[in-house]
Amino acid sequence: MQARSADWYQGLVHNPIGGRLTRTLGLPAPALLRRYRVGQPLLEGPALVGSAPGGRMQDVVVRIVNQGAGEVVTEPSESDRSRWAAVVFDATGIGEVGSLVQLPQFVGPAFRRLGRSGRLLVLGTPPESLDDPEAAAAQRALDGFVRSAAKEARGGATANLLYVAQGAEAGAESTLRFLLSARSAYVSGQPIRLKAGDPTPAPTPNWEEPLAERVAVVTGAARGIGAAIAEVLARDGAHVVCVDVPAAGAGLAEVANRLGGTAFQLDITAPDAPARLLDHLRQRHGGAHVVVHNAGITRDKTLANMTPDLWSSLMAVNLEAQLRINRALLEDDALHDAARVICVSSTSGIAGNRGQTNYAASKAGIIGMVEALAPSFALRGATINAVAPGFIETEMTAAMPFAVREMGRRVNSMGQGGLPVDVAETVAWLAQPGTAGVTGQTLRVCGQSLVGA
């Protein structure tokens, strides 16, 4: 797994001589992000937690931060000059537009004291669940507030919004832990919806290994983002079945052996691929709890030069294979009930990209597939979601022309590219048993990219 960025400019900024030069010239300074390490506390500093009248989540947040060995402050004194590791505001009870003023009143002063890689988290009620137009408008306003705050954040801080449905409060822990912790280092400006699950997820006995005793499948696992996903899932306790094409066999075996997992060579576009995969899972592992559709290719050409072969070959890998495997999973007992399926999309599928009509179409198709399949998976207590990475530092992006690569790195609120581990941490959160209330959604892992935001 890639442990650090290859970003030359970020290295320059954090070099003593380069740092002085960039400060003198007034150039932007992308922060070194706090990323998760095993044994790391939930927060490295105090959390300021507040609530609007009628809020449903303050007590839940306080309990979770306390369990994570964190300090909670609910009534700061005027003399307190603490640097907050997190600022959390429970806005679930806001039902009038006039009451929105509580957001800047509470968050504004605290935001100035948000520490490096700090977390601003606003909690709301899903607007679509409210009958009163003013209440729905007030709750939808939280989205614009958080997206704007994320663009004002400095020092690697993030801002995110969690809409918690009535009855979903008890199932919020895994999502709250993800958004408050260093695992969400490159996730910012994002709204997430938490639905009420039935039944409520059982408590996670060990947050260091939330995937213990679970079998996870990762396609395209031989290198890059796929290898990073496999490594993080294994770190979190899963036995990982690493899948890739036979041509990548050597790399696939190396990844699987290093993680104590299993290598399975498979061309996912083959007509019998779903049956072979499910038979392998059933025979060798007793089925799977987690399936991660990561395998994908690019075949970039401008639209005028896009041939049917380039279009079809990409669609076969990026979209059609996922559709066929997901249909098979729904019809087969190789996928355990209450399973988690995660599909890797892309911000290209949201914003489009020059020279990538085929790739962007396939990644947008993944989002549509996830939304359409969520009700079917829910009948088995399972979830299906997508992650949409933005600019991630990989071998593929390293081969881009310099100017294109630099633009990709800088056009986001954090002023830098993400790492494969950032995508992997998001996948691992969605794979947790406790993340039962998040389904049919696409979460961007892009540092709040300004393209298509």
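These notes cover the structure that comes with them. (Residues numbered from 1 in each chain as written. Predicted model: local features only at pLDDT ≥ 70, side-chain atom pairs only at ≥ 80, totals over all residues. Heavy atoms only, no water.)

### Notes on helix 9 (residues 273–285)
In an α-helix, one full turn covers 3.6 residues, which means residues spaced three or four apart are oriented alike.
Phase 1 of the analysis: Over its 13 residues, helix 9 runs 17 Å from end to end, which matches the ideal 18 Å to within 8%, given 1.5 Å per residue.
Phase 2 of the analysis: Along helix 9, the residues classified as buried are Ala273, Pro274, Leu277, Leu278, His280, Leu281 and His285. Considered in projection along helix 9, the buried side chains sweep an arc of 155 degrees and stay on one side of the axis. Along helix 9, exposed side chains directed more than 90 degrees from the buried face belong to Ala275 and Gln283. (Helix = DSSP H or I, 4+ residues; strand = E, 2+ residues; numbered from the N terminus. Expected span 1.5 Å × (residues − 1). Buried < 20%, exposed > 50% of the residue type's maximum accessible area, 1.4 Å probe, protein only. Arc of directions from axis to C-beta.)

### A few points about the packing of aromatic side chains
Phase 1 of the analysis: Within the structure shown, the criterion is met by 2 aromatic pairs.
Phase 2 of the analysis: With centroids separated by 5.2 Å and ring planes inclined at 35 degrees, the aromatic side chains of Phe89 and Phe106 adopt a geometry described as tilted. One end of the pair, Phe89, is in strand 3 (residues 84–90); the other, Phe106, is in helix 4 (residues 102–111), and 17 residues separate them in sequence.
Phase 3 of the analysis: With relative accessibility at 3%, the residue Phe89 sits in the buried group.
Phase 4 of the analysis: Judged by centre distance (4.6 Å) and plane angle (5 degrees), the rings of Phe178 and Trp429 are stacked. Of this pair, Phe178 sits in helix 6 (residues 173–180) while Trp429 is found in helix 15 (residues 420–431), placing the two residues 251 residues apart along the sequence.
Phase 5 of the analysis: Looking at Phe178, the relative accessible area reads 2%, which means it is buried.
Phase 6 of the analysis: According to the relative accessible area criterion, Trp429 is buried, its value standing at 2%. (Phe/Tyr/Trp six-rings, centres within 6.5 Å; stacked < 30°, edge-to-face > 60°.)

### Comments concerning a negative patch on the surface
Phase 1 of the analysis: Negative charge collects at one region of the surface, where Glu96, Asp131, Asp132 and Glu134 lie side by side.
Phase 2 of the analysis: Here Asp131 is to be found in the loop between strand 4 (114–124) and helix 5 (133–152). (Patch = residues over 30% accessible without salt bridge, like charges linked within 9 Å, V, L, I, M, F, W, Y side chains within 5 Å. Areas by Shrake-Rupley, 256 points an atom, 1.4 Å probe, with all protein chains shown as cover. Salt bridge = Lys/Arg side-chain N within 4 Å of Asp/Glu carboxyl O. Lys, Arg positive; Asp, Glu negative; His and termini not counted. Charge placed at Lys NZ, Arg CZ, Asp CG, Glu CD.)

### Focus: the sheet that holds strand 3
Phase 1 of the analysis: Reading across from one edge, 2-1-3-4-5-6 is the order of the 6 strands in this open sheet, with parallel pairing throughout. Strands at the two margins of the open sheet, each flanked by one partner only, are strand 2 (72–73) and strand 6 (191–194).
Phase 2 of the analysis: Sheet strands touched by helix 5: strand 4, strand 5 (158–164) and strand 6. Its angle to strand 5, the strand with the most contacts, is close to 165 degrees. (Pairing = 2+ DSSP bridges. Contact = heavy atoms within 4.5 Å. Axes fitted to C-alpha atoms, helices over the stretch in contact; angles between N-to-C directions.)

### So, the nonpolar core
Phase 1 of the analysis: By size, the foremost hydrophobic cluster in this structure holds 69 residues, and its most contacted members are Leu162, Leu176, Ile229 and Leu233.
Phase 2 of the analysis: Apart from residues no more than four positions distant in its own chain, Ile229 is found in contact with Val218, Val292, Asn294, Val344, Ala424 and Val427.
Phase 3 of the analysis: Core analysis: the next-biggest nonpolar cluster, separate from the first, contains 35 residues, Val217, Ile268, Val291 and Cys343 among them. (Core = buried A, V, L, I, M, F, W, Y, C linked by side-chain atoms within 4.5 Å.)

### Topic: the sheet that holds strand 7 (residues 215–219)
Phase 1 of the analysis: On the basis of which strands lie adjacent, the open sheet formed by 7 strands has the order 9-8-7-10-11-12-13 and parallel pairing. Unpaired on one side and paired on the other, strand 9 (262–265) and strand 13 (442–445) mark the two borders of the sheet. Neighbouring strand axes in the sheet, compared pairwise and without regard to direction, differ in orientation by 20 degrees on average.
Phase 2 of the analysis: As defined by bridge partners, strand 10 (residues 288–293) adjoins strand 11 (residues 335–344) across 5 bridges and the pair is classed as parallel. Each residue of the ladder has a partner; that of Val291, found in strand 11, is Val341.
Phase 3 of the analysis: Sitting on the sheet, helix 12 (residues 357–378) touches strand 11, strand 12 (383–389) and strand 13, and the angle it makes with strand 12 is about 160 degrees.
Phase 4 of the analysis: Across the sheet, helix 15 touches strand 10, strand 11, strand 12 and strand 13, and the angle it forms with strand 12 is around 170 degrees.

### Looking at unusual backbone geometry
Phase 1 of the analysis: Notably, Glu213 is not glycine yet its phi reads approximately 65 degrees, a positive angle.
Phase 2 of the analysis: Backbone geometry places Gln448, a non-glycine residue, at a positive phi of 60 degrees.
Phase 3 of the analysis: Position of Gln448 relative to the elements: it lies in the segment after strand 13.
Phase 4 of the analysis: What makes Gln448 buried here is its relative accessible area of 4%.

### Here we look at the side chain of His293
Phase 1 of the analysis: Relative to the helices and strands, His293 is located in strand 10.
Phase 2 of the analysis: In this structure the side chain of His293 is engaged in a polar contact, spanning 2.8 Å, whose partner is the side chain of Asn326. (Polar contact = N/O pair within 3.5 Å; in protein donor to acceptor, adjacent residues only side chain to side chain.)

### Let's talk about the pairing of strand 11
Phase 1 of the analysis: Across the 10 residues of strand 11, 7 count as buried, placing the element largely inside the fold.
Phase 2 of the analysis: Note that the unit made of strand 10, helix 10 (residues 308–331) and strand 11 has a crossover that is right-handed.
Phase 3 of the analysis: Pairing between strand 11 and strand 12: 5 bridges, direction parallel. By the bridge assignment, Arg340 is partnered in strand 12 with Thr383. (Right-handed = clockwise from strand over helix to strand, strands pointing away.)

### Observations concerning the pairing of strand 9
Phase 1 of the analysis: Here strand 9 shows one buried face, formed by Thr262 and Phe264, and one open face, formed by Ala263 and Gln265.
Phase 2 of the analysis: Taken together, strand 8 (residues 239–244), helix 8 (residues 249–259) and strand 9 form a β-α-β motif whose crossover is right-handed.

This is a description of form; function is not addressed.
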